[in-house]
There are 2 protein chains.
Amino acid sequence: VIAVADLAEHGPSKGSMIIKPYGYALWENIQRILDLKFKEVGIENAYFPLLIPQSFLNREKEHVEGFAPELAVVTMGGGKELDEPLVIRPTSETIMYDAYSHWIHAYRDLPLLINQWANVVRWELRPRLFLRSTEFLWQEGHTVHETAEEADAFARKMLEVYKKFLVEYLAITPVDGEKSETERFAGAAKTYTMEAMMQDGKALQSGTSHYLADHFAKVFGVKFLNRDNQEQFGEQTSWGVSTRLIGGLIMAHGDDKGLIFPPKIAPIQVVIIPIGKDEEKENVLRVAEKISVELIASGLTVKIDKTEGRPGQKFFLWEAKGVPVRLELGPKDIASESVVAVRRDTGEKTVLPQSELTVALPKLLSEIQDNLLKIYNTRLAENTVRVNSWEDFKTAIENNKFVMAHWDGTAETEATIKEQTNATVRCLPFAEPAESGKCIFSGKPSKSRVLFAKAY
Amino acid sequence: VIAVADLAEHGPSKGSMIIKPYGYALWENIQRILDLKFKEVGIENAYFPLLIPQSFLNREKEHVEGFAPELAVVTMGGGKELDEPLVIRPTSETIMYDAYSHWIHAYRDLPLLINQWANVVRWELRPRLFLRSTEFLWQEGHTVHETAEEADAFARKMLEVYKKFLVEYLAITPVDGEKSETERFAGAAKTYTMEAMMQDGKALQSGTSHYLADHFAKVFGVKFLNRDNQEQFGEQTSWGVSTRLIGGLIMAHGDDKGLIFPPKIAPIQVVIIPIGKDEEKENVLRVAEKISVELIASGLTVKIDKTEGRPGQKFFLWEAKGVPVRLELGPKDIASESVVAVRRDTGEKTVLPQSELTVALPKLLSEIQDNLLKIYNTRLAENTVRVNSWEDFKTAIENNKFVMAHWDGTAETEATIKEQTNATVRCLPFAEPAESGKCIFSGKPSKSRVLFAKAY
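Scoring rules and cut-offs
Residues numbered from 1 in each chain as written. Chains lettered and ligands numbered in written order. Predicted model: local features only at pLDDT ≥ 70, side-chain atom pairs only at ≥ 80, totals over all residues. Heavy atoms only, no water. Helix = DSSP H or I, 4+ residues; strand = E, 2+ residues; numbered from the N terminus. Polar contact = N/O pair within 3.5 Å; in protein donor to acceptor, adjacent residues only side chain to side chain. Least-squares fit on C-alpha atoms with pLDDT ≥ 70 in both. Contact = heavy atoms within 4.5 Å. Salt bridge = Lys/Arg side-chain N within 4 Å of Asp/Glu carboxyl O. Buried < 20%, exposed > 50% of the residue type's maximum accessible area, 1.4 Å probe, protein only. Pairing = 2+ DSSP bridges. Axes fitted to C-alpha atoms, helices over the stretch in contact; angles between N-to-C directions.

K.L.:
Would you take a moment to explain the environment of Thr147(B) for this structure?
P.N.:
When you line up the elements, Thr147(B) lands in the loop between strand S8 (135-145) and helix H5 (148-168). Within polar-contact distance, the side chain of Thr147(B) engages the backbone nitrogen of Glu150(B) at 3.0 Å.

Below, the structure written as structure tokens:
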């Protein structure tokens, strides 16, 4: 699907990915929208070095243990062996917090709200385009606050920013909640996550936000004089989403014909296919250009397919590429001053007057956006089950359901369930009410259901 | 200056740089404006891997010789020694053209116009913030064309895009021209450059555009069936600007008080300083907020300095940070419904009615923009000299002038002049007319003057 749609391909070195223009345009849209939302919250962008002294990572025990197997290490620089190897950032907590320790002096310097858009490298043995690659693009936000409450609330707030973005733009309603201890980020006190359901029923972790407490602050000396004039360690958060979101977008929507991009994130919202031979062609192209200019002026992204080839082939191609609306424009349409608009999601054809396109198309795109979210939500509801027995649990997981079940909260049970069914605790959903129950596996008491699923 | 203005600082590993929010905002502005201009020309963004197999670089002889001393090499990945070391991209010709060789089949696939915004690493022994750092941010455009004429013209066109940007936004008129063979990019047939004059009279290479002919195409197999159905190698270009532009911006403008940012690129265009004690303060802040909201709605970037501290200290700080206009707002101004506007470039104070700010300030900012360009152009004209004798040449270079002089075109003379005076041939300016003359050093014949200067 990714190859046909010309989104990305594998690069020459193991696990690497080349993001082609049509795929990169998705990332540009994601960046543009999220960056605006970050700035509305008061977050500023900065840029920290790619190369981190190995000793920085070694300073936080859990962190280095979590990332050590995935590191790419620079041992040669400028033609010489380096005294201290440099690690390509797998994430930037260590190098950023070292800087923060110099930047922060008193409570007046807080909160410090910084984000960076960057590439990171985590060695990947089983690469898969947009889901797992040795290098990927992401944003990582890193904040410092005066109190634990404020930091924890901020971590939750950023997860909410992400979730809203997924719902409103990607037409994906993720299950949001807290990670179990096993799945927590290396060095975090709490990890919040969004788990999206792919069309095959598997979960995709689509973004995480961590409340770090003062673990890193103690290691890197991020401290400040508080309002009582006492020295205190900063309370921190970090949060990120990556090009993985594109993988989620691809696998959450689409059909046998290929991709379906929600209009609000689609690189091309409307494609115009001019139809006609020889002498007709020039006139059709002229009208196509006129329509395109009007639509672009009204804020839509539009492409005219001027390549040679039969219209039917072009229909297939742009369907595969997930463009929400196709306009077919031939000599008859020119005569009647209309176009045929075809919805990618339903295949429905409508004849629209050319004079009304700048009103009719935004409306149509908005309907498509809503419909894709509706389809997603229906699928999520139909494939989420609540089970109370181990047999029902196994059947549900075999059928790739999102399973809400009781769990005793121990890492041992979690590991055994994973071993036997390949399902993991995706999160302790915020939406699950307190409910006394018994662990699906051990029978031990549980206070609330958690989300189990197979995951990417 | 950079530290006081809080733009950037050195990172922990040698030659690395942390770009702080105020500095990064400049890069965001540069990116946003240039990216739009690239897209107007039909260029699309993509993203290629950071890590390049060493063998790729080895394939082009000049290229590898040019970059070998500056490479950072990854020899360990995922806990194991790599079979083939990976180089962190110093530039991406090799990895991009390898991909292009698969993407391009026939003339219909051309021109291929691709850009990427990325970080690159070139080992740096004498780091200097924004000018020379081991890692820097840039964009690199890489295009393929059917003919040599088209490719060469495109390389020139992109230099023109850059130059216009420098003049219109950065208030810098660079001297544009072609590089001598010695200073040419490793692997290029022609290198076009923009050389900006810094306030000390030294030149800063501010952006380059290369016509690569088919050198790389032959090495990487970038070929296509042309209109005569013959297999042919692609004609290529590459072009880039980097965070070095921020260094240029800092050194081209400014005075004893610190930086002066041209309004069209300034991260903050207007800073409001509320003045007043205790009971007055609340009212002043309320009016400041009202003014700020109105100005932001009219498209300006505005900051209110709400920190504690004396107004005088704040004036100094925001002057040092180069904000084009300061608004002073105190109880008297509230009473008279006016503000005092202070220009950063001239220091001139004007009393403006609060009701007219959304008209008066854009006009004032536009005047500042024009004035900074005028000051730059005057300095450039006053410090550019045309000399005809070796003695005059040496004196002019000692006095840090841009020197237009005849040169015999040989690398030997170029090297000797550099050795004796520290001046290099910055470019063969497009604007220099054909003019018979004798080389300033060797006395041999020359057909046109070239630009000599000391350079960063």
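From this point, the discussion proceeds with the structure in view.
K.L.:
What's the story with the relation of the copies chain A and chain B in this structure? I'm lost.
P.N.:
Rotating chain A by 180° about the axis while translating it 0.0 Å along that axis superimposes it on chain B, leaving an RMSD of 0.0 Å. The symmetry that links the two subunits is that of a two-fold axis. Considering only C-alpha atoms, the part of chain A nearest the rotation axis is Val74(A), at 2.1 Å. When you check the interface residues of chain A against chain B, 100% turn up at the interface there too, and the contact is symmetric in its surfaces.

K.L.:
Please explain the pattern of salt bridges as it appears in this structure.
P.N.:
Evaluation of the coordinates by the stated rule reveals 61 salt bridges over all chains. Lys20(A) is paired through a salt bridge with Glu9(A); the nearest N and O atoms lie 3.7 Å apart. Of the two residues, Lys20(A) sits in the loop between strand S2 (17-19) and helix H1 (21-40) while Glu9(A) sits in strand S1 (residues 8-10), which places them eleven residues apart along the sequence. Glu9(A) sits in the partly exposed class, given a relative accessible area of 22%. Ionic pairing is found between Lys179(B) and Glu195(B), a salt bridge with its closest N-O pair at 2.9 Å. Here Lys179(B) is found in the loop between strand S9 (175-178) and strand S10 (190-197), whereas its partner Glu195(B) is found in strand S10, with 16 residues between them in sequence.

K.L.:
Just checking my understanding: could you explain the sheet that holds strand S16 (residues 302-304) of chain B for this structure?
P.N.:
All names here are of chain B. Pairing in this open sheet of five strands is mixed, and the strands run S16-S15-S17-S18-S19 from one edge to the other. Sheet topology places S16 and strand S19 (349-353) at the edges, where each strand pairs with a single neighbour. Averaged over all neighbouring strand pairs, the angle between strand axes comes to 25°, with direction disregarded. The pairing of strand S17 (residues 325-329) with strand S18 (residues 338-343) spans four bridges and is classified as antiparallel. When the bridges of S18 are listed, valine 325 appears paired with arginine 343. Set on the sheet, helix H9 (residues 311-320) makes contact with strand S15 (270-274), S16 and S17; between it and S15 the angle comes to about 170°.

K.L.:
So what exactly am I meant to see when it comes to the sheet that holds strand S19 (residues 349-353) of chain A here?
P.N.:
What links the strands of a sheet is backbone hydrogen bonding, and the strands pair in either a parallel or an antiparallel sense. Residues and elements named next belong to chain A. Spatial strand order, S16-S15-S17-S18-S19: five strands in an open sheet with mixed pairing. On the outer flanks of this sheet lie strand S16 (302-304) and S19, each paired with one strand and no other. Between one strand and the next, the sheet's axes are offset by a mean angle of 25°, whatever the strand orientation. Inspection of the sheet shows strand S15 (residues 270-274) paired to S16 by three bridges, in the parallel sense. When the sheet's bridge partners are listed, isoleucine 272 is paired in S16 with isoleucine 304. Sheet strands in contact with helix H8 (residues 278-297) are S15, S16, strand S17 (325-329) and strand S18 (338-343), and its direction is about 170° off that of S16.

Just geometry here; none of it tells us what the structure is for.
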